[in-house]
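Chain and residue survey
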Amino acid sequence: MNGKNRTALIIGGCRGIGREITLRLARDGFDVVPTCRKRGEEAEKIAEEVRGMGRSCRILELDVRDREGARKALDAEFAETAPDAVVYNSGIAKDNLFAFMDGSQWDDVLETNLRGFYNTVQPLVFGMLARHGGRIVVITSASGQTGQAGQVNYSASKAGLIGAVKALAREVGRKGLLVNAVAPGVIETEMTKELPKDAVLPLIPLRRFGRPEEVAGVVSFLCGGDSGYVHGQVIAVNGGLVI
Ligand SMILES: NC(=O)c1ccc[n+]([C@@H]2O[C@H](COP(=O)([O-])OP(=O)(O)OC[C@H]3O[C@@H](n4cnc5c(N)ncnc54)[C@H](OP(=O)(O)O)[C@@H]3O)[C@@H](O)[C@H]2O)c1
């Protein structure tokens, strides 16, 4: 897969890590379809940047929690041909100690991070299998690998995604559909802007937070021609937070 004249769908692809994934895959030569819940300035800006690279960019509005709406939007966009690469990046955190965690904190995180994966990726798999190939990359988290205090909900959702990736990889590998996960550590985005740097940095051997582009680079590898024998894996991008 060298990315030429191929299409990548980036679910949650208009801001944060997803934005950098969209731009990187466009730079790699993919026509891109990033999604967001509500098309705004960020989405327009990304579309303009991608077009400036000579690739096409169609923004899709969808909420991953809305099973019917998401399926309708995806069916309409990919009616003729399934995407070559799908990146599931959408995710939220609602942290609290488990003893104090209310039902909505649990449900909201599981609904977006895990149920959303089913709602948006499952409708595309049949079409991707029919094409005998493609890439699925799921953004999970170091919290899903090790568990994180204050994030029982988030850790459960991200560990669930790792299980889903491994099981799906076993189902679809023989059809040439490669499925992998990327597990970022602490990356500088909206999601982490409130984290107390002084407390967190000593836990990271590289002594800095990661940049969204550093996650996008690994996604680029997993969607590109050099990763043809990488399948069912969880690739960590964490500065040594988990070793
Ligand atoms: N930042 C980190 O340190 C870190 C570490 C490990 C893993 N991650 C994971 O990386 C991914 C991106 O995180 P980020 O740091 O870039 O966070 P972010 O800036 O807060 O972006 C969150 C993304 O999720 C999308 N999203 C949230 N709720 C959604 C919904 N109901 N339907 C559709 N899309 C929804 C947002 O889309 P809209 O544009 O529609 O809002 C946005 O694209 C997440 O899965 C996160 O768990 C992040």
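Bear in mind that the values here come from a model prediction, so they are computed numbers and not experimental data. (Residues numbered from 1 in each chain as written. Predicted model: local features only at pLDDT ≥ 70, side-chain atom pairs only at ≥ 80, totals over all residues.)

A tally of helices and strands in the protein chain yields eight helices and seven strands. Relative to the 2.2 N^0.38 estimate, which gives 18 Å for 243 residues, the radius of gyration of the protein chain is 17 Å and therefore close to what a compact globule would have. If you line up the protein chain on its principal axes, its C-alpha atoms span 50 × 40 × 35 Å. Looking at the protein chain as a whole, 45% of its 243 residues are labelled buried. (Helix = DSSP H or I, 4+ residues; strand = E, 2+ residues; numbered from the N terminus. Rg over C-alpha atoms; globule rule 2.2 N^0.38 Å. Buried ≥ 20, exposed ≤ 12 C-beta atoms within 10 Å, placed from the backbone.)

The next subject is helix H6 (residues 152–172). For H6, spanning 21 residues, the distance from its first C-alpha to its last is 30 Å, which sits close to the expected 30 Å at 1.5 Å a residue. Among the residues of H6, Val152, Asn153, Tyr154, Ser155, Ser157, Lys158, Leu161, Ala164 and Val165 are the ones counted as buried. Check the buried side of H6 and you find it contacts helix H4 (103–130), strand E5 (134–139), helix H5 (142–146) and strand E6 (177–184). (Expected span 1.5 Å × (residues − 1). Contact = placed C-beta atoms within 7 Å.)

Right, let's talk about the site of the ligand for a bit. Lining the immediate surroundings of the ligand are 25 residues, of which Gly12, Gly16, Arg37, Gly91 and Thr189 lie closest. Of the residues forming the shell around the ligand, the biggest block, three residues, is contributed by helix H1 (residues 16–27). Taken together, the residues of the shell around the ligand break down into 10 nonpolar, 10 polar and five charged. (Near = placed C-beta within 6 Å. Nonpolar A, V, L, I, M, F, W, Y, C, P; charged D, E, K, R; others polar.)

Here we come to the nonpolar core. Counting 60 residues, the largest nonpolar core has Ala8, Val32, Val87, Val138, Val182 and Val219 as the members making the most contacts within it. Apart from the residues within four sequence positions on either side, valine 182 is in contact with Val137, Ile139, Thr140, Val215, Val218, Val219, Ile235 and Val237. (Core = buried A, V, L, I, M, F, W, Y, C linked by C-beta atoms within 7 Å.)

Quick look at the sheet that holds strand E3 (residues 60–61) now. Hydrogen bonds along the backbone pair up the strands of a sheet, which may run parallel or antiparallel. One open sheet holds the seven strands; their spatial order is E3-E2-E1-E4-E5-E6-E7, and the pairing between them is parallel. On the outer flanks of this sheet lie E3 and strand E7 (234–237), each paired with one strand and no other. Bridging between strand E1 (residues 6–11) and strand E2 (residues 30–36) involves five bridges; their strand directions are parallel. Within the sheet, the bridge partner assigned to alanine 8 lies in E2 and is valine 32. In the packing of H1 onto the sheet, contacts are made with E1, E2, strand E4 (85–88), E5 and E6, and the angle to E2 comes to roughly 165°. Contacts from H4 reach E1, E4, E5 and E6, with the element oriented near 165° to E4. (Pairing = 2+ DSSP bridges. Axes fitted to C-alpha atoms, helices over the stretch in contact; angles between N-to-C directions.)

Let us now look at the environment of leucine 114. Residue placement: leucine 114 occurs in helix H4. Overall, leucine 114 belongs to the buried group, with 20 C-beta atoms counted inside 10 Å. On a C-alpha basis, the gap between leucine 114 and alanine 76 in space is 23 Å, while along the polypeptide they are 38 residues apart.

For histidine 132, which is not glycine, the phi torsion reads 60° and is therefore positive. By the secondary structure assignment, histidine 132 is in the loop between H4 and E5. Although it is not a glycine, arginine 207 sits at a positive phi angle of roughly 55°. One can find arginine 207 in the loop between helix H7 (197–200) and helix H8 (212–223).

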